[in-house]
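Residue strings, one per chain:
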Amino acid sequence: MKLRPEEITSVLKSRIKSYEAGVDIQEVGTVVQVGDGVARIQGLENAVASEMLELPHGVMGLVLNLEEDSVGAVLMGEDTLIKEGDQVKRTGRVIQVPVGEALVGRVVNPLGVPLDGKGPIETTEFRTVEFKAPGVIRRQPVKEPLQTGIKAIDAMIPIGRGQRELIIGDRGTGKTAIAVDTIINQRGQDVICIYVAIGQKASTVAGLVAKLEEHGAMDYTIVIMAPASTSAPMRYIAPYAGAAMGEYFTYSGRHALCIYDDLTKHADSYRQMSLLLRRPPGREAFPGDIFYLHSRLLERACKLSDKEGGGSLTALPVIETQAGDVSAYIPTNVISITDGQIFLESDLFYSGIRPAINVGISVSRVGGNAQIKAMKKVAGSLRLDLSQFRELEAFAKFGSELDQETQNTLARGERLVETLNQPQYVPWPVEEQVMIIFAATQGYADDIPVADISRFNGRLREHLAQQNPEIGEEIARTKELDPQVEARLRSAIEAFKELWSADKGIL
């Protein structure tokens, strides 16, 4: 083989001409201390808070502490694989999660990695986990109802789109049940639901997902799962990831509902991380910024102005109390941030009142603005009637002789309580709630034995749906109970009462 120098020269010249010197600069640090899911890293002078770091074995780190000579990072992944001396790279990216339509109907972890075995999530859009809440000018008042389908809530503690309503109570009082019923009731309402499970058993969350699938609710729901078996950093970012996924829909002019179940475990995971990062502890060993932890999350819930698209993000945070103590540190913090609370009481729950809502302590600071006019009209005196009933009930236990008026108030109260009882997974359309509450508050059920109230209401609901469907349709369409519709409703209820009496309640 004969070498031709001119050919070799021309190839070398063309290579030299097209050569571009590119330098790949990466800021690299070293792990100097690691343990309990926390690492101290030296050599990352330009790292920023909440930045993602790359460590060996596919483990990611999240920068939380910025100190003079090192940064403190929490580890996401198998932290036992990391050892002192390991190399750490900056990514230059603040922590973000995938968002978009592709996530709807999926079960993911807080980083957006699918856990349901349905394949990868096809989306090109990402949002940062931490996002500044919109200011007052970009918002508008909460005035559009978000129906939960639960009579006691929609009548007395109404929730509006863009509101933050706390669900608070002891363990096993039905907090998650209210949240799940609310999700099921959003079917056909153009609301995307995000359920964030923080620190729960994985089996419990799997059961909840199965229930949502059974009721067709997973078609518009995203479930973010950070069970008790995951690390504290994953539980810490879970609610922020949920808010980011909800904000994608909010800022595109749509409506989203975010349920954080529950923020007590979220605060506990942040306390764990903070103590390991050597941050000074305060009350109940929580760090000084524990209030800001939840306020910056819940402030992201809003009803945007029409100029911004009119989208909304509604937040239903859940807090678990110990022995009904609402004056503990985390409960008082979250109560002061939210626009009201639904307080569930163990005593009511065990006495058979479900949902076990304490009407005295529960409140919605948006109030009637988040109700349709028909509901506001029929439920106006409901809270007062129930409060008077609770007061007289305690008084009547002494066994003294009661005058007729007190006996009537007690009888009406018992029937109202029974009317507001509702089994789980059976949310009611708002027009049917209006008609049944109207019947109870107007005294049509006063002569029905308390034990038969549930059956009476069920039969009345069926009768109105079959014989007078136009009344419910009119209320649903106009959202009002005008005098003509009210008169027709009265005559329909009276006609049903005659049938009930004729059949001696066997209907």
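A few points on the structure.

Definitions and limits used
- Residues numbered from 1 in each chain as written.
- Predicted model: local features only at pLDDT ≥ 70, side-chain atom pairs only at ≥ 80, totals over all residues.
- Heavy atoms only, no water.
- Axes fitted to C-alpha atoms, helices over the stretch in contact; angles between N-to-C directions.
- Helix = DSSP H or I, 4+ residues; strand = E, 2+ residues; numbered from the N terminus.
- Parallel < 35°, antiparallel > 145°, perpendicular 65-115°, else oblique.
- Left-handed = near helix turned anticlockwise from the far one by under 90°.
- Contact = heavy atoms within 4.5 Å.
- Nonpolar A, V, L, I, M, F, W, Y, C, P; charged D, E, K, R; others polar.
- Phe/Tyr/Trp six-rings, centres within 6.5 Å; stacked < 30°, edge-to-face > 60°.
- Buried < 20%, exposed > 50% of the residue type's maximum accessible area, 1.4 Å probe, protein only.
- Lys NZ or Arg CZ within 6 Å of the ring centre and 35° of its normal.
- Polar contact = N/O pair within 3.5 Å; in protein donor to acceptor, adjacent residues only side chain to side chain.
- Disulfide = S-S within 2.5 Å.
- Pairing = 2+ DSSP bridges.
- Patch = residues over 30% accessible without salt bridge, like charges linked within 9 Å, V, L, I, M, F, W, Y side chains within 5 Å.
- Areas by Shrake-Rupley, 256 points an atom, 1.4 Å probe, with all protein chains shown as cover.
- Salt bridge = Lys/Arg side-chain N within 4 Å of Asp/Glu carboxyl O.

## A look at the packing of helix H11 (residues 382-396) against helix H12 (residues 404-420)
Working step 1: Contact geometry of H11 with H12 gives a least axis separation of 9 Å together with a crossing angle of 120°. With respect to their mutual orientation, H11 and H12 come out oblique. Considering how the two elements wind past one another, H11 and H12 form a crossing that is left-handed. In this structure, H11 uses Leu382, Asp385, Leu386, Gln388, Phe389, Arg390, Leu392, Glu393 and Ala396 to contact H12, whose residues at the interface are Thr406, Thr409, Leu410, Gly413, Glu414, Leu416, Val417 and Leu420.
Working step 2: Of the residues that constitute the contact of H11 with H12, the class distribution is nine nonpolar, four polar and four charged.

## Quick notes on the packing of aromatic side chains
How two aromatic rings sit relative to each other is given by the distance of their centres and the angle of their planes.
Working step 1: The final tally for this structure, using the stated rule, is nine aromatic pairs.
Working step 2: An angle of 20° between the planes, with centres 5.4 Å apart, marks the rings of Tyr236 and Tyr270 as stacked. With a gap of 34 residues between them, Tyr236 in helix H5 (residues 232-250) and Tyr270 in helix H6 (residues 263-276) connect regions that are remote in the sequence. Taken individually, Tyr236 and Tyr270 each receive the classification buried, so the pair is uniform in this respect.
Working step 3: On the basis of an interplanar angle of 55° and a centroid distance of 5.4 Å, the ring pair of Phe456 and Phe496 is categorised as tilted. Within this pair, whereas Phe456 is found in helix H14 (residues 453-467), its partner Phe496 is found in helix H16 (residues 483-502), the two being separated by 40 residues in sequence. For the pair shown, Phe456 and Phe496 are each scored as buried.
Working step 4: In this structure, Arg271 packs its charged tip against the face of Phe286, placed 4.2 Å from the ring centre.
Working step 5: Over the ring of Trp428 we find Arg461; its NZ or CZ atom is 4.0 Å from the centre of that ring.

## Some details on the side chain of Thr91
Working step 1: If you trace the backbone, Thr91 turns up in strand E6 (residues 87-94).
Working step 2: For Thr91, the side chain forms a polar contact with the main-chain oxygen of Met52, separated by 2.6 Å.
Working step 3: From its side chain, Thr91 meets the backbone nitrogen of Arg93 in a polar contact 3.2 Å long.
Working step 4: Not counting residues up to four positions away in its chain, the partners in contact with Thr91 are Glu51, Met52, Leu53, Glu54 and Met60.

## A few points about the state of the cysteines
Working step 1: Scanning the entire structure with this criterion turns up zero disulfides.
Working step 2: Note on Cys193: no disulfide assigned, nearest cysteine sulfur contributed by Cys258 at a separation of 9.3 Å.
Working step 3: Taking the relative accessible area as the measure of exposure, Cys193 reaches 0% and is therefore buried.

## A closer look at the sheet that holds strand E2 (residues 38-42)
Working step 1: On the basis of which strands lie adjacent, the closed barrel formed by six strands has the order E1-E2-E5-E4-E3-E6 and antiparallel pairing. Taking each pair of neighbouring strands and ignoring which way they run, the sheet shows an average axis angle of 45°.
Working step 2: In the sheet, E2 pairs with strand E5 (residues 71-76) via four bridges, with the strands oriented antiparallel. Residue pairing for E5: Val38 is matched across the bridge by Val74.
Working step 3: Taken strand by strand, H5 contacts strand E4 (60-66) and E5, and its axis lies near 90° from that of E5.

## Concerning the side chain of Thr173
Working step 1: Residue placement: Thr173 occurs in the loop between strand E10 (166-169) and helix H3 (175-185).
Working step 2: With a relative accessible area of 2%, Thr173 lands in the buried category.
Working step 3: Of the polar contacts made by the side chain of Thr173, one reaches the backbone oxygen of Asp170; its length is 2.8 Å.
Working step 4: The residues contacting Thr173, other than those within four sequence positions of it, are Leu344, Glu345, Ser346, Phe349 and Ala356.

## Some remarks on helix H8 (residues 329-337)
Working step 1: Burial of H8 is extensive: seven of the nine residues sit out of reach of the surface.
Working step 2: Burial in H8 covers these residues: Tyr329, Ile330, Pro331, Asn333, Val334, Ile335 and Ile337.
Working step 3: Here the buried face of H8 lies against E10, H6, helix H7 (290-298), strand E15 (312-320) and strand E16 (340-344).

## Here's the deal with a nonpolar patch on the surface
Working step 1: Side chains of Ile8, Leu12 and Ile16 sit close together on the surface and give an oily, nonpolar patch of about 310 Å² of accessible area.
Working step 2: On the secondary structure map, Ile16 appears in helix H1 (residues 5-18).
Working step 3: By relative accessible area, which is 63% here, Ile16 ends up exposed.

## Topic: the environment of Arg271
Working step 1: Position of Arg271 relative to the elements: it lies in helix H6.
Working step 2: Given the relative accessible area of 23%, Arg271 is considered partly exposed.
Working step 3: Separated by 19 residues in sequence, Arg271 and Ile290 place their C-alpha atoms 8.2 Å apart.
Working step 4: In this structure, Arg271 is in contact with Glu284, Ala285, Phe286 and Pro287, ignoring residues within four places of it in sequence.

The values reported here are purely geometric and, on their own, carry no functional implication.
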